[in-house]
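# Geometric and topological summary
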Amino acid sequence: MPKPAKVLVFDSGVGGLSILREIQSRVPGCDLYYACDNQAFPYGTKDETELVARVDAVLKSLDRELEPEIVVIACNTASTVALPRIRAHFSHPVVGVVPAIKPAAEASKSRVIGLLGTPGTVQRQYTQQLIDEFAGDCEVVRVGSSELVHMAEKKLRGCEIDKDELASIVEPFYRNKKLDAIVLACTHFPLLLDELMAVARFDVKWIDSGEAIARRVAYLLNETGRRADNRSVLIASYYTAEDPLLAQTFSQFGSPSSHLLRV
Ligand code: DGL
């Protein structure tokens, strides 16, 4: 039986856990590691140059510490700006999570779709290219929100979510009654799916990248020839600033230990 390959899932905060849980439930045979850069959180309001340098530094540090075989940048904000540079710096495969515009356009009958991401992601050149390529005939309603990212962080730390605030953030989507699909273009947002559905004014399809990323990881694992049959386990988690509530969240996702990573 081959030794399980190490797969590192990385985000600024808890959002990447929405990707981790998809990998855990769909991809057997890997040792999972989760890392979040909570010291530099949130990424969504950061300037692009600063963000690329930070992600590069954190991933280099994680690379030395863990020597992963596959890295998943479970963050749309970072992936839409830093992927080419990160890929150039590492010899192992780097999987990026980018807005699921293509599946949303495929799912939409009305050709009106919503894009819910961080302020950075919704206005990125890369995101515009995805829209031009895959949803050129769609009207795209964009909402960029950092408050929503903070809400997901709070929820996973066991705090109450303000439903009125949530409803007012997503209100622009419901001004056009034809809208029939919303892309969750931030990995934090699938963690708020129940709450988003509870404040929805009418039925829409909610589309995120989790399943596609899990499929990509499964494919890459096969390529490495290191795919074992056991259930994938979360071996450890890392953060860049001490936060006891975060360590508790990680343990709820099955992490036996959390470690401080110095960048
Ligand atoms: N989870 C991240 C994303 O997918 C961003 C959150 C942040 O602003 O740090 O975009």
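Below, the structure is looked at part by part. (Residues numbered from 1 in each chain as written. Predicted model: local features only at pLDDT ≥ 70, side-chain atom pairs only at ≥ 80, totals over all residues. Heavy atoms only, no water.)

### Concerning the sheet that holds strand S7 (residues 181-184)
Pairing is parallel in the open sheet, where 4 strands are placed in the order S6-S5-S7-S8. Lying at the two open borders of the sheet, with one neighbouring strand each, are strand S6 (139-144) and strand S8 (205-207). Averaged over neighbouring strand pairs, the angle between their axes works out to 20° when direction is ignored. Note that strand S5 (residues 112-117) and S7 share 4 bridges and pair parallel. Bridging from a neighbouring strand, Leu116 pairs with Leu184 of S7. (Pairing = 2+ DSSP bridges. Helix = DSSP H or I, 4+ residues; strand = E, 2+ residues; numbered from the N terminus. Axes fitted to C-alpha atoms, helices over the stretch in contact; angles between N-to-C directions.)

### A look at the nonpolar core
Ranked by internal contacts, the top residues of the largest apolar core, which has 30 residues, are Ile23 and Val72. Those elements giving two or more residues to this core turn out to be strand S1 (5-11), helix H1 (17-26), strand S2 (30-36), strand S3 (70-73), helix H10 (210-224), strand S9 (233-239) and helix H11 (244-252). Here this core gets 6 residues from one element, more than from any other, and that element is H10. If we ignore the near neighbours within four places in the chain, the residues touching Val72 are Val7, Leu8, Val9, Phe10, Ile19, Ile23, Val95, Val97, Ile213 and Val217. Counting 26 residues, the second-largest nonpolar core is a separate cluster that includes Tyr33, Leu62, Ile73 and Leu83. (Core = buried A, V, L, I, M, F, W, Y, C linked by side-chain atoms within 4.5 Å. Buried < 20%, exposed > 50% of the residue type's maximum accessible area, 1.4 Å probe, protein only. Contact = heavy atoms within 4.5 Å.)

### Section: the packing of H1 against H10
Between H1 and H10, the least distance of the axes is 9 Å, while the angle of their chain directions is 55°. One element, H1, and the other, H10, form an angle in the oblique class. Crossing hand, H1 versus H10: right-handed. Of H10, the residues touching H1 (which contributes Ile19, Glu22, Ile23 and Arg26) are Gly210, Glu211, Ile213, Ala214 and Val217. Class assignment for the residues of the contact of H1 with H10 results in 5 nonpolar, 1 polar and 3 charged. (Parallel < 35°, antiparallel > 145°, perpendicular 65-115°, else oblique. Left-handed = near helix turned anticlockwise from the far one by under 90°. Nonpolar A, V, L, I, M, F, W, Y, C, P; charged D, E, K, R; others polar.)

### Let's talk about the pattern of salt bridges
In this structure the tally under the stated criterion is 12 salt bridges. Asp56 is the salt-bridge partner of Arg85, the closest N and O atoms lying 3.5 Å from each other. Residue Arg85 is located in helix H3 (residues 76-89), and its partner Asp56 is located in helix H2 (residues 48-66); the two are separated by 29 residues in the primary sequence. By relative accessible area, Asp56 is classed as buried at 4%. One salt bridge in this structure joins Arg111 and Asp137, with 3.0 Å as the shortest N-O distance. (Salt bridge = Lys/Arg side-chain N within 4 Å of Asp/Glu carboxyl O.)

### Some words on the site of the ligand
Close contacts around the ligand come from 14 residues, with Ser12, Tyr43, Gly44, Thr77 and His188 the closest. In the model, an oxygen atom of the ligand is placed 2.8 Å from a nitrogen or oxygen of the Thr187 main chain. A distance of 2.8 Å separates a nitrogen atom of the ligand from a polar side-chain atom of His188. Coverage of the ligand by the protein chains reaches 100% of its 300 Å² of free accessible surface. The pocket occupied by the ligand, as judged from atoms lying within 2 Å of grid points, is the largest cavity. In the shell around the ligand, the residues fall into 6 nonpolar, 7 polar and 1 charged. (Near = heavy atom within 4 Å. Polar contact = N/O pair within 3.5 Å; in protein donor to acceptor, adjacent residues only side chain to side chain. Areas by Shrake-Rupley, 256 points an atom, 1.4 Å probe, with all protein chains shown as cover. 1 Å grid on protein atoms, 1.4 Å probe; cavity = no way out; pocket = protein on both sides within 12 Å on 5 of 7 lines; lining within 4 Å. Sits in = over half its atoms within 2 Å of the grid points.)

### Some thoughts on helix H7 (residues 147-156)
Those residues of H7 that sit buried are Leu148, Val149, Met151, Ala152, Glu153 and Leu156. Those residues of H7 that are buried lie in contact with H1, S5, helix H8 (163-170) and H11.

### Side note on the layout of surface pockets
There is about 350 Å³ of room inside the largest pocket. Around the largest pocket sit 18 residues that line it, and Val98, Ala100, Pro103, Ser209 and Ala212 are the ones nearest its centre. Breaking the lining of the largest pocket down by element, the ones donating at least two residues are helix H4 (101-107), helix H6 (125-134) and H10. With 5 residues, the single largest contributor to the lining of the largest pocket is H10. Looking at the lining of the largest pocket residue by residue, the class counts come to 11 nonpolar, 2 polar and 5 charged. (Points joined across faces, edges and corners; volume = space filled by probe spheres on them.)

### Digging into the pairing of S3
Because side chains alternate across S3, one face comprises the buried residues Ile70 and Val72, and the other comprises Val71 and Ile73, equally buried. By the bridge criterion, 4 bridges tie S1 to S3 in an arrangement that is parallel. Across the sheet, Phe10 pairs through a bridge with Ile73, a residue of S3. Bridge count for S3 against strand S4 (residues 94-96) is 3 bridges, and the pairing is parallel. The partner of Val71 across the bridge, within S4, is Val94. Between S3 and its parallel partner S4, the chain crosses via H3, and the hand of that crossover is right-handed. (Right-handed = clockwise from strand over helix to strand, strands pointing away.)

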